Amino acid sequence: MNIVVLISGTGSNLKAIIDAIQSHQLQATLLAVIADRDCAGLAHAHHAGIPSLMLDRKLPDFAARLEQALPDCDLIVLAGWLSVIPTSIVQKFHKKIINLHPSLLPKFGGMGMYGRRVHEAVIAAAERESGCSVHWVDEGVDTGEVIAQAKVPVLADDTPEALAKRVQAEEHALLLRCLRDLSER
Ligand code: GRF
């Protein structure tokens, strides 16, 4: 399975993918890493010798450039990618793009729901459990079919940071489990 990983942040999920490939726990080839901003995660690609590209999301022709930059591949993994994927790319890579989201979708997804905001909203809604989801990317924001989820409890005295940490601890395993399943299709 040939994959491309798109990132916007620290890239801990990208690192987990690289480690799993290098230790033969995931049968996949990482063709390229693309970031939509200068971010710490790009260093993981550099260290592993994986071709990487920073495409500034503020460029007027960002969508066209992104489409041009994406190599032919079996799967595109959005691992902490914050830009909306242009419709033309969603259509071209139908059922070939997955996203990792830090809530139990369909709850707490959609435009503007990312990072700390998700966990703040979960706590404000007095939810008793949260978690993370891997889902197919469709034309909406966080609306595609859910592939798998992992749950964590929300504790009475939780802060967004504490909840984020608990959710993140589940993300790498969930994403790798999905990637392994997809690689065996
Ligand atoms: C994760 O919390 C993921 O759920 C969200 O962005 C974060 C990415 O973390 N989509 P990292 O950049 O992989 O460390």
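From a predicted model like this one, the values you see are computed outputs, not experimental measurements. Each chain has its residues counted from 1, following the order in which its sequence is written. Owing to the predicted nature of the model, reporting of local features is limited to residues with pLDDT of at least 70; listing and counting of side-chain atom pairs is limited to 80 or more, with chain, interface and lining totals taken over all residues. To get the side-chain values, all heavy atoms of the structure are used, and hydrogens and water are removed first.

A few words now on the sheet that holds strand β2 (residues 29-35). A pair of strands is treated as paired once DSSP finds two or more bridges between them. Segments assigned H or I by DSSP are reported as helices when at least four residues long, segments assigned E as strands when at least two residues long, and all are numbered from the N terminus. Ordered by their spatial adjacency, 7 strands build an open sheet running β3-β2-β1-β4-β5-β6-β7, and the pairing between neighbours is mixed. The open sheet has two edge strands, β3 (52-54) and β7 (146-153), and neither has a second partner. Within this sheet the neighbouring strands show an average axis-to-axis angle of 15°, counted without direction. Direction of pairing for strand β1 (residues 2-7) relative to strand β4 (residues 75-78): parallel, over a ladder of 4 bridges. Looking at β4, one finds that Leu6 is bridged to Leu78. Note on method: axes are straight lines fitted to C-alpha atoms, helices fitted across the in-contact stretch only, with angles between N-to-C directions ranging 0 to 180 degrees.

The next thing to look at is the pairing of strand β5 (residues 97-101). Relative accessible area decides the class of each residue, using a 1.4 Å probe on protein chains only: under 20% of the type maximum gives buried, over 50% gives exposed, and in between gives partly exposed. Counting buried positions along β5 yields 5 of 5 residues, so the element is predominantly enclosed. Relative to β5, β4 is paired through 3 bridges, and the arrangement is parallel. Paired with Leu78 across the two strands is Asn99, which belongs to β5. As a crossover connection, the stretch from β4 through helix α4 (residues 87-92) into β5 is right-handed. Sheet analysis places β5 next to strand β6 (residues 129-136), joined by 4 bridges and oriented antiparallel. Note that in β6 the partner of Asn99 across the bridge is His135. Classification remark: right-handed applies to a crossover when, strands pointing away from the viewer, the course from the first strand over the helix to the second runs clockwise.

A word on unusual backbone geometry. With an omega of 15°, the peptide bond running from Leu105 to Pro106 counts as cis. Tracing the backbone shows Pro106 in the loop between β5 and α5 (116-124). For His24, which is not glycine, the phi torsion reads 60° and is therefore positive. Topologically, His24 is positioned in the loop between α1 (12-22) and β2. For His24, a relative accessible area of 61% translates into the label exposed. Even without a glycine there, the phi angle at Asp142 is positive, about 65°.

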